[in-house]
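One letter stands for each residue in the lines below.
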Amino acid sequence: MNLSSTLWRLIIILLSFPIERGPLLPAGCQRFNASGYLTVKPAPLFLIGSNLTVYCRIPTCRRSFTISLQLNSETVASRKKVNCTTMMFSLFNVQEPNSILRCKLMNDQQSTVVAGLDLHGGLPPDKPENVLCEMSRSSDFITCSWERGQETHLHTTYNISLSRENGTQMLLDQIQDAAEITISRAKLDENNTHQLNIAAYNHFGSSRSDPFSLCVKDIVIPETPRIMQIEFGHNSKAALLQWKTSGSSESLRSDVRLRTDNGSWEVGEGTEPTEGLIQVDGLRPLTDYEFKMRTCSSPGSNSSKRSFCSKWSTSVGGKSPGKGPSQQMHVWRMLGGLGAGGLRVVTVLWKPPSPDDYSGAVQNYKIFLGNDRKQEVTCPAASSRYSLQVPAELRALSISAVTSYGTSPPADVPLGRSGDFGPILRELAPAANGSSVLVSWSWPGSRHPSTSGEEPLHYVLEWTSVPVAELQWQKVAKDQNSTFIRGLSAGVRYNVSLYAVTTRGVSAPSSALVYSKEQKPASGPSMSVLVHESGRIRIQWDELPVVKQKGFITNYTIYLQTLDSSNTKLSVTVPGSSPRPLWLDCPEGALALQLTASTSAGEGQRGKRICSQPERPAVGLLIVAAFIVTLFIAIIANLMCWRCARQRIKQKCVSWGPAWLHENLPKLGNSNAIRLLEQYGSEPSFSSTHSDPPLSPISVISQEERDDVYPTVHVDVSHGGSGPTAETPLLTSDSGTVLGDSLLEHVSYKPQIATSAQLGEEWKETEDEQRDVPSYGEEDKCVSGGLLGAFLPSAEVDFSDPPLGLTLSSVGGLLWPKTPETTSFLNGGFLLGRRGTENEVEADSPPLDLQQGEIMTADTEDTLSQRTVEATLTDGYFPQAAAVSSTTLWDAQRQQGR
């Protein structure tokens, strides 16, 4: 015993080992114990649609088990217990021709099949119909066929009998489950008529056909053709079949059948260009086809009046080639302006050829320039537009698509303009789906191109979104007056233009704006308040950008709300075409305003909220303006009266300006020569004792030399006697020394003596300048600061000295040195001296102010007699002095000596 047999024994033992009262079975298998049997009435072979009764019997009674019946694995519910060993089941209207019955014993733990039976159903045969007998002219056999009718699901036998017209039986044959029989041609008399009968029978019944009259000369059919060759050529939509037959092909027509991928046979659309050729159209490129054909003759003299056709030829297969494009592409253009050298930029637009018009793939596009097409430009296959520069006089431009199986016919690009107006857009109606627009147009009046002798070719409809995006277009046939634009976006404005292309060129466009579907505006307009008065307001707003309008603006709504405790809310709606700026009536007080725009889809979002206050009355503005002007005038007046500030400003201006601007020149009006010229209108008299000295050269000397040239002269005056009268002229220095005419003679230059009237006029001018000099005391100090602090440096000036009248510097200050400075004042006919330094002002004598006509008293005389007049002659030029009266200085001295 080998190892394999031992293993098989073990497997059998395991499978037979009882588990839960039964052996171990493979999955899906059932335990079988053929201890019972099944009985079917009327029989296991039944007529389809019948009702059956099935009995299941077991040998012994087993009360713990239940008897059940399954039909094709489905439990039969209708059952009746006959006894403990028999159960009856009813089957109604059984339609399955083949079924399986199983009888089982079942309990909670197991199920056992005790019997099984196969059921067979069938139908009686139908009457054989459409009996047909055929034979070719060269054939030795006659083929007769018939239609069997519905399937019987049982074996059906057909008896064929052939007899002469007198009833003599010539042939009796039998065939099973067939619909065709072959009869030898030699058994028939070709000149006589025979009768053919076909009878069919099976287990459930029989049937017989109608007698068929058979005459050999009436059943002859053309010979079966043979397909010799299949040609597809350049056009993959058609195949040309070359065929041949052994008989004559005259007066014969051909039928073709074809199929693809072993599908069902279909009748092909065939034409016969010549004898022996048939063309089959309607094919698809790059497809495997299988063809077969037959030939048919005209109807004979038989009673059926049918045409006789040959048998189908043997099938022949072939694969159709790829197809090249056969239609012109749709083309358009965009014309640019003329550039350098008379060249014009032309952008050529085209639509790729339809996929149904070619097979394979597009390799590239070729643009041909001129009628001769010698110049060409190659464009990539993925492109749909190309810009190129062409001469302005170029009138011919065409384009073709190049595929792997051919090139499309050239399509002409229209370049010229016809100069005429084209059709007018009548209606742009958005479709219900929101992505399409129906565009319709018409020719106005008598402007159709056919009336002017030009032939219309087609229309071109182009559209682009606003703001301008990529141009889209489509070609429309010339016999149409409407079309749909598809693929539009809701809420986007489109500019649609229509062109008519004729034999003369392209017409002028007709344009219109349209939305495929309007939406609510995306935002509110920006608004501003121009004027806000009591009870009304004037507003202005900007137009919304087109991308935010989402539709045609029909109206605007202005929302007003008061900002006071009443919180009043108002709204005003104005048409979208209303003029702007706009006046509106409004409540009193401060307002908050918002603006919305509306389209046919509804009102959009509110714009930015702005607040506005009404303007104040004009009286308040006048009061404010008057207050500001008054304050400004007060400040200016204050500055004018503030001597220290004025002086400081003057000093600043002098320091910033050129040197000649602040030089004090001698007054020419005090010159005797000029005065005489004005008085007598001629040269001055030489008899005058006060003539101007001749001018001498000017030289610069040092300080020491200056002191020697211009010495200081002292004159002592006695205190006795009565005081001088008003007519006594005095010239005093700051020390009270009186200078006489005799002493002045020692000076190199004698100043001219002016009259009292002239000095009075000069005194008035000087008095105006010194009118604002403050009185004595510490309150006369002026400190620069405040608003003028940035402009005036910090300085303190003491004006505690009394005013001393006219100074010498007012007359000849340009010629006197600044340090030390000797200043002479003339007041009321007396010349009082005052010495000043660069840093401070020091008064040596009290003020003496005597007017003309007054007589000096003894007190005044004593005061004068106690002073010594000192004149420091430090400059080479003396200011001019006035003669108070004809009394000489020495008279005054004598009065003092008394």
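Basis of the calculations
- Residues numbered from 1 in each chain as written.
- Predicted model: local features only at pLDDT ≥ 70, side-chain atom pairs only at ≥ 80, totals over all residues.
- Heavy atoms only, no water.
- Pairing = 2+ DSSP bridges.
- Helix = DSSP H or I, 4+ residues; strand = E, 2+ residues; numbered from the N terminus.
- pLDDT = per-residue confidence, 0-100.
- Contact = heavy atoms within 4.5 Å.
- Core = buried A, V, L, I, M, F, W, Y, C linked by side-chain atoms within 4.5 Å.
- Buried < 20%, exposed > 50% of the residue type's maximum accessible area, 1.4 Å probe, protein only.
- Phe/Tyr/Trp six-rings, centres within 6.5 Å; stacked < 30°, edge-to-face > 60°.
- Lys NZ or Arg CZ within 6 Å of the ring centre and 35° of its normal.
- Lys, Arg positive; Asp, Glu negative; His and termini not counted.
- Salt bridge = Lys/Arg side-chain N within 4 Å of Asp/Glu carboxyl O.
- Disulfide = S-S within 2.5 Å.

### Looking at the pairing of strand S9 (residues 98-106)
- Summarising the sheet, strand S5 (residues 66-71) and S9 pair through 6 bridges and their orientation is antiparallel. Considered in S9, the bridge of Leu71 is made with Leu101.
- Relative to strand S10 (residues 111-122), S9 runs antiparallel, the two being bridged by 9 bridges. Residue Ser99 lies in a different strand from S10, and its bridge partner there is Leu119.
- Taken together, S9 and the strand that follows it, S10, pair antiparallel across an intervening segment of 4 residues.

### Some details on the environment of Thr60
- With respect to the helices and strands, Thr60 occurs in the loop between strand S4 (52-57) and S5.
- For the pair formed by Thr60 and Thr86, sequence separation is 26 residues and the distance between their alpha carbons is 9.8 Å.

### Some thoughts on the confidence of the model for the protein chain
- Across the protein chain, pLDDT averages 75, with 67% of residues at or above 70.
- Considering only residues more than four positions removed or in separate chains, one finds that residues 15-29, a stretch of pLDDT under 50, has 14 contacts.
- Contacts for the low-pLDDT stretch residues 715-898, under 50 throughout, to residues beyond four places or in other chains number 328 contacts.

### Points about the nonpolar core
- Grouped together as the largest cluster of nonpolar side chains are 22 residues, with contacts concentrated most on Leu38, Val54, Leu91, Leu101 and Leu119.
- Where this core is concerned, the elements lending two or more residues are strand S2 (37-41), S4, S5, strand S8 (86-91), S9 and S10.

### Points about the packing of aromatic side chains
- Tallied over the full model, the rule gives 7 aromatic pairs.
- Measuring from centroid to centroid gives 4.9 Å for Tyr515 and Phe552, while their planes differ by 85 degrees, and the two rings are edge-to-face. Residue Tyr515 is found in strand S44 (residues 510-515), and its partner Phe552 is found in the loop between helix H2 (546-549) and strand S47 (555-562); the two are separated by 37 residues along the sequence.
- Tyr515 gets classed as buried once you look at its relative accessible area, which sits at 2%.
- Note on Phe552: relative accessible area 31%, which makes it partly exposed.
- Here Arg62 stacks its cationic end above the ring of Phe65, 4.4 Å away from the centre of that ring.
- The ring centre of Tyr559 lies 3.7 Å from the NZ or CZ of Arg606, which sits over that ring.

### Regarding the side chain of Lys292
- Within the fold, Lys292 resides in strand S26 (residues 288-296).
- No salt bridge is formed by the buried Lys292; the nearest opposite charge belongs to Glu290, separated by 7.8 Å.
- Residues contacting Lys292, with those up to four places away along its chain left out, are Ile227, Asp255, Val256, Arg257, Trp265, Trp312, Ser313, Thr314 and Ser315.

### Side note on the pairing of strand S28 (residues 331-338)
- Bridge analysis of S28 against strand S29 (residues 343-350) gives 6 bridges, and the strand direction is antiparallel. Pairing of Trp332 across the sheet is with Leu349, part of S29.
- Counted along the chain from S28 to the antiparallel partner S29, the turn is 4 residues long, and its residue Gly341 has a positive phi close to 75 degrees.

### Here's the deal with the environment of Gly589
- For Gly589, the location among the structural elements is in the loop between strand S49 (582-585) and strand S50 (591-599).
- Judged by its relative accessible area of 26%, Gly589 falls in the partly exposed class.
- A C-alpha to C-alpha distance of 9.7 Å links Gly589 and His532, two positions 57 residues apart in sequence.
- In contact with Gly589, other than residues within four places in its own chain, are His532 and Pro614.

### Remarks on the sheet that holds strand S11 (residues 129-136)
- Read across the open sheet, the 4 strands follow the order S15-S12-S11-S19; overall the sheet is mixed. The open sheet has two edge strands, strand S15 (180-184) and strand S19 (220-221), and neither has a second partner.
- Pairing of S11 with S19 involves 2 bridges; the strand directions are parallel. Bridging across to S19, Ser136 finds its partner in Ile221.

### Considerations on the state of the cysteines
- This model, assessed by the stated rule, comprises 3 disulfides.
- Two residues share a disulfide in this structure: Cys56 and Cys103, whose sulfurs sit 1.4 Å from each other. On the S-S bond that ties Cys56 to Cys103, the torsion sits near -80 degrees, and the link is left-handed. You can see Cys56 sitting in strand S4 and its partner Cys103 sitting in strand S9, a full 47 residues away along the chain. Here the two residues Cys56 and Cys103 agree in accessibility, since each one is buried.
- Through a disulfide, Cys296 is tied to Cys309; the S-S separation comes to 1.8 Å. Classification of the bridge connecting Cys296 and Cys309 rests on its S-S torsion, roughly 110 degrees, and on that basis the disulfide is right-handed. Taken as a pair, Cys296 in strand S26 and Cys309 in the loop between S26 and strand S27 (316-319) lie far apart in primary sequence, 13 residues in all. With respect to class, Cys296 is no different from Cys309; both count as buried.

### Considerations on unusual backbone geometry
- Each neighbour pair has its own omega, and for Lys41 with Pro42 the value is 10 degrees, a cis peptide bond.
- Topologically, Pro42 is positioned in the loop between S2 and strand S3 (45-47).
- For the bond running from Arg580 to Pro581, omega is 0 degrees, close enough to zero to count as cis.
- For Pro581, the position within the fold is in the loop between strand S48 (569-575) and S49.
- The backbone of Asn93 sits at a positive phi, close to 50 degrees, despite the residue not being glycine.
- Along the chain, the position of Asn93 falls in the loop between S8 and S9.
- Positive phi outside glycine occurs at Asn567, with the angle close to 50 degrees.

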